[in-house]
Amino acid sequence: MGKKRLIAETGAGQHGIATAVVGAMLSIPTEVYMGIEDVERQKLNVFRMELSGCNVIPVETGSKTLKDAINEAFRDWITNVETTHYLIGSTMGPHPYPTMVKHFQSVIGNEARKQILEKEEKLPDAVIACVGGGSNALGIFSGFIEDKDVELIGVEGGGDGVETERTGATLCKGTEGILHGSLSFVLQDDNGQISEAHSVSAGLDYPGVGPEHAHLKVTGRANYVAVTNQEALRGFELLSKYEGIIPALESSHAVAYAEKYSKIKENSGKTIIINLSGRGDKDMFLVAKEMGVEV
């Protein structure tokens, strides 16, 4: 492509790390935009990016989180498009980015489908994944989207609750609108001004969502629910305690809803796949603080 520089945005930091690693491997200067609030709550991932030679650029405008990191990355890209390639980290943005990211993330769904058939000799009854921009969820959904008997459930960051203003549940509370180059559901006021999103997890703290998730909602192929901060923290504890797996706070939302789902009488005995989109190492200090533990 002839591009000599890489840029990306990141919220939780996972995509930022991936971009930083690519830049290091190819010896290409790499810069990652990250909201200053996320820089603070994801210090470990910032350090990992910087170890790979990446320049992490704190964004101090707007809500100082993922939305604003994306804003700055787009401004950079359109100014330097001749020399710079923008690696978008989710299934959002202008075409063809949502399609490209879904294609790469589909390896999750392909592997999950193969493995569940080998282990259970049948398809799952439900697939549950967290949704911010929506890349991990669309990745695993893609492996089962044509199987109409498989329930697809996306779990959004409910924040303090969808009835409050401090929420990241775009599909549960938002309305149709355009954000970052695509028509989807957006958290916005009556004048179309974008609202600030809130979630304890940096990766779900986004007032928009990928357009294909909007399509899945409108057509009824997937259901979308919201999990609050406190419920997500319970999910974080549950998986850690019973499986020894410390999930990312984003994934903890899916774990928390899976507990709710399993307690519904008619779901007894169903086979469920929960997509774990990341490890919780990055969230340990934040979780400790939320739980009142001194570290």
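Residues numbered from 1 in each chain as written. Predicted model: local features only at pLDDT ≥ 70, side-chain atom pairs only at ≥ 80, totals over all residues. Heavy atoms only, no water.

> Tell me about the sheet that holds strand β1 (residues 5-10), and name the residues and values.
Taken together, four strands build an open sheet; the order of strands is β3-β2-β1-β4 and the sheet is parallel. The open sheet is flanked by β3 (55-59) and β4 (84-87), the only strands paired with a single partner. Direction aside, neighbouring strands of the sheet carry axes that sit 25° apart on average. (Pairing = 2+ DSSP bridges. Helix = DSSP H or I, 4+ residues; strand = E, 2+ residues; numbered from the N terminus. Axes fitted to C-alpha atoms, helices over the stretch in contact; angles between N-to-C directions.)

> Describe the pairing of β1, listing the residues and the values that go with them.
Along β1, six of the six residues are buried, which leaves the element largely enclosed by surrounding structure. What you see with β1 is no split at all: Arg5, Ile7 and Glu9 on one side and Leu6, Ala8 and Thr10 on the other are buried throughout. For β1 and β4, the ladder comprises four bridges, and the chain directions are parallel. Within β4, the residue paired with Ala8 across the bridge is Leu87. Across five bridges, β1 lies against strand β2 (residues 30-35) in parallel orientation. (Buried < 20%, exposed > 50% of the residue type's maximum accessible area, 1.4 Å probe, protein only.)

> Residues and numbers for the nonpolar core, please.
Membership of the largest hydrophobic core comes to 21 residues, with the highest contact counts inside it found for Val127, Ile140, Phe141, Phe144, Leu152, Leu216 and Tyr224. If you tally residues by element for this core, the top one is helix α6 (residues 135-141), at four residues. When residues no more than four places from it in sequence are discounted, the contact partners of Tyr224 are Val131, Phe141, Gly154, Leu171, Cys172, His213, Leu216 and Lys217. Among the nonpolar cores identified, the runner-up in size contains 16 residues, and Tyr33, Ala73, Ile88 and Tyr206 belong to it. (Core = buried A, V, L, I, M, F, W, Y, C linked by side-chain atoms within 4.5 Å. Contact = heavy atoms within 4.5 Å.)

> Requested: an account of the packing of helix α1 (residues 14-26) against helix α3 (residues 43-51), with residues and values cited.
Contact geometry of α1 with α3 gives a least axis separation of 9 Å together with a crossing angle of 10°. Here α1 lies roughly parallel to α3, going by the angle between them. Of the residues in α3, those touching α1 at Gln14, Gly16, Ile17 and Ala20 are Asn45, Arg48 and Met49. (Parallel < 35°, antiparallel > 145°, perpendicular 65-115°, else oblique.)

> Describe the environment of Ala129, with residues and values.
Relative to the assigned elements, Ala129 resides in strand β5 (residues 126-131). Overall, the relative accessible area of 0% leaves Ala129 in the buried class. Taking the C-alpha atoms as reference points, Ala129 and Lys260, 131 residues apart in sequence, are found 14 Å from one another. Apart from the residues within four sequence positions on either side, Ala129 is in contact with Asn136, Ala137, Ile140, Phe141, Ile153, Gly154, Val155, Ala254 and Asn275.

> Please provide a residue-by-residue account of helix α8 (residues 211-219), values included.
An α-helical turn contains 3.6 residues, so any two residues separated by three or four positions project in the same direction. Buried within α8 we find His213, Ala214 and Leu216. The arc enclosing the buried residues of α8, seen along the axis, measures out at 160°, which places them on a common side. Close packing links the buried residues of α8 with β5, α6, α7 (170-173), β8 (182-186) and β9 (222-228). Two residues or fewer past α8, Gly220 is found with a positive phi of approximately 85°. (Arc of directions from axis to C-beta.)

> Can you explain the sheet that holds strand β6 (residues 151-159)? Please cite residues and give values.
Read across the open sheet, the four strands follow the order β9-β6-β5-β10; overall the sheet is parallel. Strand pairing shows two members of the sheet lacking a second neighbour, β9 and β10 (272-274), which therefore form its edges. Each strand of the sheet is rotated relative to its neighbour by a mean of 25°, with strand direction disregarded. As judged from the three bridges shared by β5 and β10, these two strands associate in the parallel manner. Each bridged residue has a counterpart across the sheet, and for Val127 the counterpart in β10 is Ile273. Across the sheet, α8 lies against β5 and β9, angled at about 110° from β9, the strand it touches most. Relative to β9, helix α9 (residues 229-243) is tilted by about 95°, and along the sheet it contacts β6 and β9.

> Explain the environment of Ser252 to me, and be specific about the residues and the numbers.
Examined against the element boundaries, Ser252 turns out to sit in helix α10 (residues 249-262). Sequence-wise, Ser252 and Ser201 are 51 residues apart; in three dimensions their C-alpha atoms are separated by 9.2 Å.

> Give me the packing of α9 against α10: which residues, what numbers.
Contact pair α9 / α10: the axes reach a minimum separation of 7 Å and the direction vectors enclose 90°. One way to sum up the angle between α9 and α10 is to call them roughly perpendicular. Contact with α9, carried on its side by Glu231, Ala232, Leu233, Arg234, Gly235, Phe236, Leu238 and Leu239, involves Leu249, Ser252, His253, Val255, Ala256, Glu259 and Lys260 of α10 and no other residues of that element. A class-by-class count of the residues in the contact of α9 with α10 yields eight nonpolar, three polar and four charged. (Nonpolar A, V, L, I, M, F, W, Y, C, P; charged D, E, K, R; others polar.)

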